[in-house]
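Residues per chain are reported as follows:
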Amino acid sequence: MTKKTNSEEFSLPQKISLKQKHLLGLEYLSKEEILLILDTAKPFKTIFTRSIKKVPTLRGRSVVLLFYEPSTRTRTSFELAAKRLSADTVNIAVQLSSVQKGESLIDTAKTLESMKSDFIVIRHSYSGAPHILAQNVSSSIINAGDGFHEHPTQGLLDIFTIREKKGKVEGLKVVIVGDILHSRVARSNLWGLTKLSARVVLCGPPTLIPKDIDKIFPQVEIEHDLDKALRNADVVNILRVQFERQLEHFFPSVREYSLLYGMTKQRLKNAKSDVLVLHPGPMNRGIEITTDVADSLNSVINEQVTNGIAVRMAVLYLLSLVNTNQ
Amino acid sequence: MKLLIKNGIVIEPQKNIEKKLDVLIENGKIVKLAEDIKLHNVEVINAKGCIVSAGLIDIHTHLREPGNEEEETIASGTKSAAAGGFTTVFCMPNTNPPIDDQAAVEFTMLKAKNEGVINVFPVGAATKGRRGEELTEIGELKKAGVVAISDDGEPISNSQIMRRVLEYSRMFDLPVISHCEDKTLSRGGVVNEGKVSTLLGFRGIPKEAEEIVVIRDIILCSLAKGRLHITHVSTKDSINFIRQAKKNGLKVTCDVTPHHFVLTEDYLLKYSYDTNLKINPPLRTQEDVDTIIEGIKDNTVDCIASDHAPHTVEEKSKEFDLAPFGIIGLETVLPLCITYLYYQHRIPLSKILEKLTINPAKIFGLSKKGRLEPGCDADVVIFNPQEEFVVKNFVSKSRNSPFIGWKLKGKVKYTICSGKVVYSEKNV
């Protein structure tokens, strides 16, 4: 059973669907499912150019945004995505809620479930928190970033952007630069990109490359020298530097990090001239990326934000079909 | 009070006995082992089809009392032990307050005497408050009844203090049980560092965090001429270092837990984020498991211990990073040993039982325990090694076990402590 839309210029895939009602990570999706989400996001993006940026697809459904970590862009993006699908949204401001009184994650989720929320979008600083919800409540769980584990919709929007600009993903050389060890964005990109047969290069100091990553992704290359890594690159995805890692001795100083891994105009010349520059945001301008790179023609950083809404609409829509099928 | 165990197969590793014998118990002691003992007016247990062994000794149990009675108490923990075939447990000093002085030892022993169903021997803390700074009054702890000393869970990071602990306890002939972990390497880690920590997005505990302290403690043991017992060994190289230390003639012994030779880190991928797989030391790799099995076979491994660590459902339902380490084990040690060591790896039952009875008794100086011989304490376990069952209910107050739902072989039928039946399958 699929939802009817009131729009004629707006058609959505009708036959195939996602297998699970949760989106916990790209690790758990097949290539076909990833492509389905990306293809579904395209027509949703066309809505944005209309004067009324709203379709009734999820009217009557509710989406709870449960954010245990500060986030502006992901939370706003999910909220807009849900609203453009006509779903009702609720923001749980964790600082004000009973979580501060010591309520457990499971109890919080059960409370939300009792309020008949169809979706819970969760952002949490500990890996696996969305899995706990998925095992304990009947709502559809969407992982909006868990610890160092995954941030699947960020991975999807990055790949959507690459695909939109390059027309394909297969065979492209994609360099991910920075703190791979603590990055859920890197992990989701790794799963998505390798499933779509991109050539992925991870670049960062050895202290920030996770152990045995080569055993999990034998096809992925690791290069500590950014200039070498960038050679012939089609895409470079620059991760945000987390300053507290300096205190944990992963690198000696932000200054040295910036010297070795900061993306400058000069450095970018190692890559192909039409290289795409991605950054999940928020940026530390002048540290991992210079302003001239961030604002250059190669940069698709602002488009990533727009695409994020389309991808999240596609995710909510496709998961809602799994719900009704069950 | 006489009790006669008839028709069972007695396994007595010390004397290399493995045959059908009857066992007569009187006044809490083993009186006689012989074929077909005929006596009237005695209580008889028919052990047909079962193994009769000295009661099992667990050298690594957390009874949680005082301090965390919601997880386990001396009463519930000893009942759990009896259900698992144990007649003696050593309780670790990480209670609240810790067992670091005479009063705490006496409290534990008094509680155990009044409320426990089996023998409890406390392990005394090596340093005051388990802070790794000042030695406890080890002489007085010994006098009060401790069988070993350890800061289990809080490894002594200061090498000089560890050296002094090993040296000082030498005059009391007390082994020092070492939980080997370099906390500067393991800090923040929740699973083995490697494939699984990378995949699930966790900080890892590298195997080197254990090995570096295993090596240090072996070297300090040599310097101090002390007695070192390394507990819950989990890595390949730890086993190899210990094997070498023994060859070099050092007084080094060790134990392993069943979960470290049955499970690997890969179970975390299978049951993603199950906090009952959060254990310290963490579950390792197949290579480590294989070496532990080798170590059991070649006697590098002296003992098998439970590291029974009860936690409530509430604590274990937290986010993986926030949930406490540890699983309960007393009721699954024997069946896991029988299912995996005996049936899968073809290790003889006598060798398995040796590591659960006589070896712990010898290392920790329990002269009347761990053996089935006239004159010894009448601590006996009767179990059917062939009987299969599904793990589901626990006598322990807690149920944080990764083995729930597993089909295992080896069922305890009776546990007898000081000549008294303290567990019988029928009465559960």
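Residues numbered from 1 in each chain as written. Chains lettered and ligands numbered in written order. Predicted model: local features only at pLDDT ≥ 70, side-chain atom pairs only at ≥ 80, totals over all residues.

Quick look at the overall build of chain A
Keep this limit in mind: We count a stretch as a helix when DSSP gives it H or I for four or more residues in a row; a strand needs E for two or more, and each element gets its number in order from the N terminus. As defined in this context, the radius of gyration uses C-alpha atoms, and a globule is described by 2.2 Å times the residue total to the power 0.38. Once C-beta atoms are placed from the backbone, each residue is buried if 20 or more other C-beta atoms lie within 10 Å of its own, exposed if 12 or fewer, and partly exposed for counts between those two. Whether two residues are in contact depends on their C-beta atoms, placed from the backbone: they are in contact if these lie within 7 Å.
Helices and strands together make up the secondary structure of chain A, namely 13 helices and 9 strands. In terms of overall dimensions, chain A is globule-like: its C-alpha atoms have a radius of gyration of 20 Å, near the 20 Å expected for 326 residues. In terms of overall dimensions, chain A has a C-alpha envelope of 50 × 50 × 35 Å along the principal axes. A total of 326 residues make up chain A; the buried ones form 48% of that total. When contacts within chain A are restricted to residue pairs at least 6 apart in sequence, those whose partners lie at least 24 apart make up 76%.

A short note on the overall build of chain B
Scanning chain B from terminus to terminus reveals 15 helices and 20 strands. Expressed along its principal axes, the backbone C-alpha trace of chain B runs to roughly 65 × 50 × 45 Å. If you take every contact in chain B between residues at least 6 apart in sequence, the share linking residues at least 24 apart comes to 74%.

Observations concerning the environment of A:Asp179
Residue and element names in this part refer to chain A. By the element assignment, Asp179 lies in the loop between β5 (173–177) and α6 (184–195). With 29 residues separating them along the chain, Asp179 and Leu208 place their C-alpha atoms 5.2 Å apart. With residues near it in sequence (within four places) discarded, Asp179 still touches Gly204, Leu208, Leu239, Val241, Gln242 and Arg245.

Some details on the sheet that holds strand β8 (residues 235–238) of chain A
All names here are of chain A. We count it as follows: Two strands qualify as a pair provided that DSSP identifies no fewer than 2 bridges between them. In this analysis an axis means a line fitted to C-alpha atoms, helices contributing only their contacting stretch, and an angle means the value between N-to-C directions, from 0 to 180 degrees.
The parallel open sheet is built from 5 strands, whose spatial order is β7-β6-β5-β8-β9. In this open sheet, the two strands that pair with only one neighbour each are β7 (221–223) and β9 (276–278). Taking the axes of each pair of neighbouring strands and ignoring which way they run, one obtains an average angle of 20° across the sheet. Bridge count for β5 against strand β6 (residues 199–203) is 5 bridges, and the pairing is parallel. Counted as the bridge partner of Lys173 is Arg199 from β6. Relative to β9, helix α5 (residues 152–166) is tilted by about 165°, and along the sheet it contacts β8 and β9.

Digging into the domain arrangement of chain A
All names here are of chain A. Operational definition: Domain start and end points were adopted from an automatic or database domain assignment. Under this grouping Gly is polar, as are all residues other than the nonpolar Ala, Val, Leu, Ile, Met, Phe, Trp, Tyr, Cys and Pro and the charged Asp, Glu, Lys and Arg.
Segmenting chain A into domains produces domain 1 (26–150 + 308–325) and domain 2 (152–304). Across the contact, 20 residues belong to domain 1 and 19 residues belong to domain 2. The dominant element in the side of domain 1 that touches domain 2, judged by the number of residues it contributes, is helix α1 (residues 31–47), at 5 residues. A per-class count over the side of domain 1 that touches domain 2 returns 9 nonpolar, 5 polar and 6 charged.

A closer look at the sheet that holds strand β11 (residues 148–150) of chain B
All names here are of chain B. Taking strand neighbours across the sheet as the criterion, the 8 strands line up as β8-β9-β10-β11-β12-β15-β16-β17 in an open arrangement whose pairing is parallel. Every other strand in the sheet has two partners, leaving β8 (56–61) and β17 (303–304) as the edge strands with one partner each. The pairing of strand β12 (residues 176–178) with strand β15 (residues 228–230) spans 3 bridges and is parallel. Its bridge partner lying in β15, Val176 is registered against Leu228. Seen against the sheet, helix α1 (residues 74–83) touches β8, β9 (86–91) and β10 (119–124) and runs at an angle of roughly 135° to β9.

Some remarks on the domain arrangement of chain B
All names here are of chain B. In terms of domains, chain B is made up of domain 1 (2–51 + 377–427) and domain 2 (55–363). Spacing between the C-alpha centres of domain 1 and domain 2 amounts to 26 Å. Domain 1 puts 29 residues into the contact, and the matching count from domain 2 is 43 residues. Going through the elements one at a time, β18 (380–390), β19 (407–417) and β20 (420–424) are the ones with two or more residues in the side of domain 1 that touches domain 2. The element contributing the most residues to the side of domain 1 that touches domain 2 is β19, with 7 residues. Residue composition of the side of domain 1 that touches domain 2, grouped by class: 18 nonpolar, 7 polar and 4 charged.

Comments concerning the confidence of the model for chain A
One rule of thumb: low pLDDT means the predicted coordinates there are not for detailed reading. Just so we agree on the cut-off: Values of pLDDT, the confidence the predictor places in each residue, fall between 0 and 100.
Averaged over chain A, the pLDDT score is 91; the fraction of residues at 70 or greater is 92%. Note that pLDDT drops below 50 for residues 1–9 of chain A; the model gives that stretch 11 contacts with residues more than four away or on any other chain.

A few points about helix α7 (residues 207–224) of chain B
This is how the line gets drawn: Between the first and last residue of a helix there are one fewer steps than residues, each counted as 1.5 Å, and that sum is the expected span.
The end-to-end C-alpha distance of α7(B) is 26 Å, a good match for the 26 Å that 18 residues give at a rise of 1.5 Å each. Regarding α7(B), the residues found buried are B:Lys207, B:Ala209, B:Glu210, B:Glu211, B:Val213, B:Val214, B:Asp217, B:Ile218, B:Leu220, B:Cys221 and B:Ala224.

Structural notes on the packing of helix α3 (residues 105–114) of chain A against helix α4 (residues 129–136) of chain A
All names here are of chain A. So the rule is basically this: Oblique is the label for any angle not covered by the other classes, which are roughly parallel (under 35 degrees), roughly antiparallel (over 145) and roughly perpendicular (65 to 115). Crossings are assigned a handedness: left-handed for a near helix turned anticlockwise from the far helix by less than a right angle, right-handed for a clockwise turn.
Where α3 contacts α4, the axes come no closer than 10 Å and their chain directions differ by 50°. The angle between the axes of α3 and α4 places the two elements in the oblique class. For the element pair α3 and α4, the recorded crossing hand is right-handed. Counting all contacts with α3, which are made through Leu105, Ile106, Ala109 and Lys110, the residues of α4 involved are Ala129, Ile132, Leu133 and Asn136. Of the residues contributing to the contact of α3 with α4, the split by class is 6 nonpolar, 1 polar and 1 charged.

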